[in-house]
Amino acid sequence: MLRVVFMGTPDFAVPTLRGLVAAGHDIAAVYTQPPRPAGRGMEARKSPVQVVAESAGLAVQSPHSLKGLGEQQAFAAHRPDVAVVVAYGLILPKPVLEAPRLGCLNLHASALPRWRGAAPIQRALMAGDTATAATVMRMEEGLDTGPICLEAKVAIGPDVTAGDLHDVLAENGAALMVRALEALEAGSLVCSPQPEEGVTYAAKLTKAETRIDFTQPALAVHNHIRALSPSPGAWFEVGDGKARERIRVLRARPGSGGGAPGTVLDDALTISCGAGAIQMLVLQRGGRRPMSAAEFLRGFPLPPGMRLHER
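Residues numbered from 1 in each chain as written. Predicted model: local features only at pLDDT ≥ 70, side-chain atom pairs only at ≥ 80, totals over all residues. Heavy atoms only, no water.

A. Highlighting the pairing of strand β9 (residues 131-138). In terms of burial, β9 is largely enclosed, as six of its eight residues are buried. One ladder, built from four bridges, connects strand β7 (residues 104-108) with β9; its direction is antiparallel. Looking at the pairing, L105 lines up with R138 of β9. Sheet topology note: the β9/strand β10 (residues 148-155) ladder contains seven bridges and is antiparallel. Within β10, the position partnered with A134 by the bridge is A152. (Buried < 20%, exposed > 50% of the residue type's maximum accessible area, 1.4 Å probe, protein only. Helix = DSSP H or I, 4+ residues; strand = E, 2+ residues; numbered from the N terminus. Pairing = 2+ DSSP bridges.)

B. Structural context of the state of the cysteines. Per the counting criterion, the structure on display carries one disulfide. Covalently, C149 is tied to C191 through a disulfide, its sulfur atoms 2.1 Å apart. Disulfide C149-C191: torsion about the S-S bond near 95 degrees, hence right-handed. On the criterion of sequence distance, the pair formed by C149 in strand β10 and C191 in the loop between α6 (162-186) and β11 (201-202) is long-range, its members being 42 residues apart. (Disulfide = S-S within 2.5 Å.)

C. Representation of the packing of helix α1 (residues 14-22) against α6 within the structure. The contact between α1 and α6 brings their axes to 8 Å, and the two run at 35 degrees. The crossing of α1 and α6 is right-handed. Mapping the contact onto sequence places P15, T16, G19 and L20 in α1 and A170, E171, G173, A174, M177, V178 and L181 in α6. (Axes fitted to C-alpha atoms, helices over the stretch in contact; angles between N-to-C directions. Left-handed = near helix turned anticlockwise from the far one by under 90°. Contact = heavy atoms within 4.5 Å.)

D. Structural detail: the environment of Q50. By secondary structure assignment, the location of Q50 is in helix α2 (residues 48-55). C-alpha of Q50 to C-alpha of R244: the two residues are 194 residues apart in sequence and 38 Å apart in space. In this structure, Q50 is in contact with T32, Q33, P35 and V60, ignoring residues within four places of it in sequence.

E. Molecular detail of the pattern of salt bridges. Summed over the entire model, instances satisfying the criterion amount to eleven salt bridges. A salt bridge links K46 to E54; the nearest nitrogen and oxygen atoms lie 2.8 Å apart. With relative accessibility at 42%, the residue K46 sits in the partly exposed group. Since its relative accessible area comes to 36%, E54 is described here as partly exposed. Between E98 and K94 there is a salt bridge whose closest N-O contact spans 3.9 Å. Here E98 pairs with K94, and both are found in helix α4 (residues 94-98), just four residues apart, close to one helical turn. Classification of E98 as exposed rests on a relative accessible area of 53%. Judged by relative accessible area, K94 falls into the partly exposed class, the value being 43%. What emerges from the salt-bridge pattern is a single network uniting R211, E237 and R244. (Salt bridge = Lys/Arg side-chain N within 4 Å of Asp/Glu carboxyl O.)

F. Geometry of α2. Residues V49, Q50, V52 and A53 constitute the buried set of α2. For α2, the angular spread of the buried residues around the axis is 165 degrees, confining them to a single face. The inward-facing, buried residues of α2 contact β1 (3-8), α1, β2 (26-31) and β5 (60-61). Backbone geometry just downstream of α2 places G57 in the positive-phi region, at approximately 75 degrees. (Arc of directions from axis to C-beta.)

G. A look at the nonpolar core. Grouped together as the largest cluster of nonpolar side chains are 42 residues, with contacts concentrated most on F6, L20, L105, V136 and L181. When residues of this core are assigned to their parent elements, the largest contribution, eleven residues, is made by α6. Ignoring sequence-local partners within four residues, the contact set of V136 consists of L105, N106, L107, P147, I148, C149, L150, L176, M177 and A180. Core analysis: the next-biggest nonpolar cluster, separate from the first, contains 26 residues, A218, I225, L283 and A293 among them. (Core = buried A, V, L, I, M, F, W, Y, C linked by side-chain atoms within 4.5 Å.)

Spelled out as structure tokens, the structure:
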């Protein structure tokens, strides 16, 4: 078994941590982002990885940065054979990358070199990609540029949401990383340089991107909604002045009909787009639970002919 430093923060990283523990590896330390304010009370909340690590009795480190000499020396003092990195969220300086005896392996949620960067799942769905992958790569100083070691391809159905794809890639990626460490320990892990062609970057999502733009074609609107579901959620506004309310859309499908973009077309909550229309299926008001369109309309009527607010 290998001596491992695990580095990860969100839910996506949890299956890999659990997989490495179950495989019997010696987890020397778990690095994760510090607790952040969250929820209505904005109380400091531990990351999902920290919660799982502490419940397993693992030592947790949560530095704000790894750029300082002290933090780099503390990392090296763990004497890791390998570092396993899954959505950690901090840049690893060269001394950290070079500290593990067998290097650093990263699990990335895309078929590299497509969608290097922070939001590969969301960008793949926004682009209408029909396939992606969980990829294990050797880390180097560039952004997701390292050699590819293992890859598990995943088909993307037309109605798959970011939440759906997140869960599949997290589980597939965890199994893939366990296989990678088995091969690494046996000296049989082979990693190949990424292709020079097909490079795209998955930029971090911005708040401005979450608003639905009904001037776009219906398929683009559909892809936008599923790429942001369940979180942060694509949304539109209704109401006037200070009474405006944001409504999140969690599931939708292309519909039929036409008209000025943003116009409610029928009693099934079909909305006209720049080309075609989109039918809302699952919606959520602020502080409420998700509900079907029919249930939503019973408490929040949006009559045909109504025009939703544009950007």
